[in-house]
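Next come the chains, spelled out residue by residue.
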Amino acid sequence: MLRLMAMRILSCLIFTFLLVNEPWQTEKFNQFDLLYTAADVSFKNEYATMISSGIDSVEKFTGHSFSRRFHVYVHPDRKSLDTQWQKDWGVDDFKSECWMVASGISGKIDLLAPRVWKDQACEHSFADKLKTRQVIAHELFHVYHAQVNPGNDFNNVAGLDWLVEGFATYASGQLDTARIQGLKESINQKLPTSLDAFWTGKLKYGLAGSTVLFIDKKFGRPVLLNLLTHYES
Ligand SMILES: [Zn+2]
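Residues numbered from 1 in each chain as written. Predicted model: local features only at pLDDT ≥ 70, side-chain atom pairs only at ≥ 80, totals over all residues. Heavy atoms only, no water.

**Student:** Would you mind showing me how to read the packing of aromatic side chains here?
**Tutor:** Where two aromatic rings form a pair, the distance of their centres and the angle of their planes describe that pair. Here the structure, examined in full by the defined rule, presents 17 aromatic pairs. With centroids separated by 5.8 Å and ring planes inclined at 65 degrees, the aromatic side chains of F61 and F167 adopt a geometry described as edge-to-face. Of this pair, F61 sits in helix α2 (residues 44-62) while F167 sits in helix α6 (residues 161-171), and the two are 106 residues apart along the sequence. Classification of F61 as buried rests on a relative accessible area of 13%. Given the relative accessible area of 0%, F167 is considered buried. Relative to F94, the ring of W85 has its centre 6.2 Å away and its plane inclined at 75 degrees; by these criteria the two rings are edge-to-face. The same class applies to W85 and to F94, which are both buried. Each member of the aromatic cluster is reached from another via a ring pair, and the members are F29, F32, F66, F70 and Y144. Directly above the ring of F126 sits K129, whose terminal nitrogen or CZ lies 3.6 Å from the centroid. Of note, R221 hangs over the ring of F61, and the distance from its end group to the ring centre comes to 3.7 Å. (Phe/Tyr/Trp six-rings, centres within 6.5 Å; stacked < 30°, edge-to-face > 60°. Helix = DSSP H or I, 4+ residues; strand = E, 2+ residues; numbered from the N terminus. Buried < 20%, exposed > 50% of the residue type's maximum accessible area, 1.4 Å probe, protein only. Lys NZ or Arg CZ within 6 Å of the ring centre and 35° of its normal.)

So, in structure tokens, the structure goes:
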């Protein structure tokens with residue numbers, strides 16, 4: 001009896017240990033693996049649908065599929081996201097700004113669960129489904145860009161932030177009327193004079209995104225897609 005009880009306690013402890021140390025559950029989809037924790041079980045299908053629709057947008061815009069599968073990690077809270085970014089970026093005390101909710105490179109997206117944006121983020125709302133889909137599409141365009149760029153996950157693209165962020169902003173539909181209007185209103189103010197400085201300040205998404213829009217309209221989609229392969233060797 002005592003032995004049985006001891007075994008029960010032991011298996012309970014092992015289960016708790018696994019739960020604490022292995023919180024991720026995985027579901028495989030057509031081109032990606034979705035990794036999420038128990039807190040997001042009831043939202044995972046909605047996230048997966050948004051990711052799949054973002055993949056369609058990437059394929060439609062670029063005319064190409066992703067060259068390889070990738071992971072999408074849905075972090076249950078900002079602490080989990082920060083811990084991952086600290087590890088990935090080698091900055092032990094990195095603390096993200098409230099507007100930062102996701103990142104994308106060739107093999108993965110890290111996403112703060114849209115479920116918690118209301119309390120743990122600013123400038124983003126899960127209730128706004130169109131904008132949430134655009135945030136996810138933005139990261140998917142980063143994944144596509146990183147997969148076609150030999151520059152080691154944007155580590156060798158110094159001075160090209162305007163292209164990396166401008167492409168994801170424009171292609172995902174985030175260069176919306178409000179952003180264009182914001183640019184128009186600031187056109188007579190002092191704006192950055194170099195492309196390198198476009199990814200700075202309050203208007204950075206508008207400045208970078210509209211530059212990529214200009215390239216797309218003036219020189220055409222093949223030229224824009226070709227630019228994505230450039231990096232600093
Ligand atoms: Zn971005």
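**Student:** In this structure, what is going on with the coordination of the zinc ion? I would like to understand it.
**Tutor:** Note on metal geometry: ideal angles are 109.5 degrees for four donors arranged tetrahedrally and 90 or 180 degrees for six donors arranged octahedrally. The protein atoms donating to the zinc ion are H138 (NE2), H142 (NE2) and E165 (OE), with metal-donor distances spanning 2.1 Å. Sequence spacing of the donor residues for the zinc ion, all on one chain, is H-x3-H-x22-E. Highlighted residues: H138 in helix α5 (residues 129-148) and E165 in helix α6, separated in sequence by 27 residues. One exposure class covers both H138 and E165, and it is buried. (Donors = N, O, S within 2.8 Å, 3.2 Å for Na, K, Ca; no water.)

**Student:** Teacher, can you tell me more about the nonpolar core here?
**Tutor:** Within the largest apolar cluster, 50 residues are counted, with the highest numbers of intra-cluster contacts made by L34, I51, F66, F70, L140 and F167. If you tally residues by element for this core, the top one is α2, at seven residues. When residues of this core are sorted by domain, at least three fall in each of domain 1 (22-147) and domain 2 (149-233). Beyond its immediate stretch of four places on either side in the chain, L140 contacts I51, G54, I55, V58, F66, F70 and I109. (Core = buried A, V, L, I, M, F, W, Y, C linked by side-chain atoms within 4.5 Å. Domains from an automatic or database assignment. Contact = heavy atoms within 4.5 Å.)

**Student:** Please explain helix α7 (residues 177-186) as it appears in this structure.
**Tutor:** Because each turn of an α-helix spans 3.6 residues, side chains separated by three or four positions end up pointing in the same direction. Every buried residue of α7 is listed here: G182, L183 and S186. When α7 is viewed along its axis, its buried side chains cluster within an angular range of 100 degrees and face the same direction. Set apart from the buried face of α7 by more than 90 degrees, the exposed residues are T177, K184 and E185. Close packing links the buried residues of α7 with α8 (204-219). (Arc of directions from axis to C-beta.)

**Student:** Which parts of the structure should I look at to understand the sheet that holds strand β1 (residues 25-28)?
**Tutor:** Think of a sheet as strands paired side by side through backbone hydrogen bonds, with each pair either parallel or antiparallel. If you walk across this open sheet you meet the five strands as β1-β2-β3-β5-β4, and the pairing is mixed. Each having just a single partner strand, β1 and β4 (102-105) make up the two edges of the open sheet. With strand direction ignored, the average angle separating the axes of adjacent strands in the sheet is 15 degrees. Packed on one face of the sheet, α2 meets β1, β2 (32-36) and β3 (70-75) and runs near 150 degrees to β2. (Pairing = 2+ DSSP bridges. Axes fitted to C-alpha atoms, helices over the stretch in contact; angles between N-to-C directions.)

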